[in-house]
Amino acid sequence: MNRKQEPLESLPVAALLAAVNNSLQILRKKGISVSDWDQKKRALYGLKVFGGRVYFLATEPDKSGQKGKTCGGQGGNGGQKK
């Protein structure tokens, strides 16, 4: 374990997700988007918990090329311990 990560290890999943979402929002304000490796036009929008599982939300451009709808995908193990 990285010593810099130790303080984060004890945080609840909700706090970690909030931190990631805040970081993504700051990056967007700076004009930086986090793109999907396989689908370059798709950008990570945030993380959300549905039914106890963690999902990522991504935006896809609409047909006019503008930022469009948000779609989701399951990420990680839903915050559950292995």
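These figures come from a predicted structure and were not determined experimentally.

Conventions adopted
Within every chain, residues take consecutive numbers counted from 1 along the sequence as written. For this predicted model, a pLDDT threshold of at least 70 governs which residues receive local features, and a threshold of 80 or more governs which side-chain atom pairs are given and counted, while totals over whole chains, interfaces and linings are taken from all residues. Computation of side-chain values: all heavy atoms of the structure, hydrogens and water removed. A helix here means a DSSP run of H or I that spans at least four residues, while a strand means a run of E at least two residues long, and both kinds are numbered starting from the N terminus. Throughout this description, buried means an accessible area under 20% of the type-specific maximum (1.4 Å probe, protein chains only), exposed means over 50%, and partly exposed covers the range between. Contacts are assigned to residue pairs with any non-hydrogen atoms lying within 4.5 Å of each other. Using a 1.4 Å probe, accessible areas were evaluated by the Shrake-Rupley method; residue-level cover was limited to the displayed protein chains. Patch building starts from residues that exceed 30% relative accessible area and form no salt bridge, then joins like charges within 9 Å and nonpolar side chains (Val, Leu, Ile, Met, Phe, Trp, Tyr) within 5 Å. Just to be clear on terms, a salt bridge is a Lys or Arg side-chain nitrogen sitting within 4 Å of an Asp or Glu carboxyl oxygen. Whether two strands pair comes down to DSSP finding at least two bridges between them. For Phe, Tyr and Trp, rings pair up if their centres lie within 6.5 Å, where Trp contributes its six-membered ring, and each pair is then called stacked (planes under 30 degrees apart), edge-to-face (over 60) or tilted (otherwise). For a Lys NZ or an Arg CZ to count as sitting over a ring, it must be within 6 Å of the ring centre and within 35 degrees of the ring normal. Polar contacts here mean pairs of N or O atoms no more than 3.5 Å apart (in protein, one a potential hydrogen donor and the other a potential acceptor; neighbouring residues in sequence count only if both atoms are side-chain atoms).

Caption draft 1: Here's a closer look at the overall build of the protein chain. Along the backbone of the protein chain there are two helices and three strands. Secondary structure elements in the protein chain, listed N-terminal to C-terminal, are α-α-β-β-β. The buried share of the protein chain, taken over its 82 residues, is 15%. Taking the contacts inside the protein chain whose residues are at least 6 apart along the sequence as the reference set, 18% of them involve residues at least 24 apart. For the protein chain, the accessible area works out to roughly 6600 Å², and carbon and sulfur atoms hold 54% of it.

Caption draft 2: Molecular detail of a nonpolar patch on the surface. Taken together, the side chains of Leu8, Leu11 and Leu16 make up a nonpolar region of the molecular surface, amounting to roughly 230 Å² of accessible area. Along the chain, Leu8 turns up in helix 1 (residues 6–9). The class of Leu8 is partly exposed, set by a relative accessible area of 44%.

Caption draft 3: Inspection of the pairing of strand 2 (residues 53–61) at higher detail. As paired elements, strand 1 (residues 43–50) and strand 2 share seven bridges and run antiparallel to each other. The residue bridging Ala43 from the neighbouring strand is Thr59, located in strand 2. Linking strand 1 to strand 2, which pair antiparallel, is a turn of two residues; within it Gly51 sits at a positive phi near 60 degrees.

Caption draft 4: Inspection of the packing of aromatic side chains at higher detail. The final tally for this structure, using the stated rule, is one aromatic pair. Its end group placed over the ring of Tyr45, Arg28 keeps NZ or CZ at 4.6 Å from the ring centre. Geometry around Trp37 places Lys40 over its ring, the cationic atom sitting 4.2 Å from the centre.

Caption draft 5: Expanded view of the environment of Gln25. Residue placement: Gln25 occurs in helix 2 (residues 13–29). For Gln25, a relative accessible area of 39% translates into the label partly exposed. Gln25 sits 21 residues away from Gly46 along the chain, and the two C-alpha atoms are 8.4 Å apart.

Caption draft 6: Local environment of the environment of Asn2. Mapping Asn2 onto the fold places it in the segment before helix 1. Polar side-chain contacts of Asn2 include one of 2.9 Å to the backbone nitrogen of Lys4.

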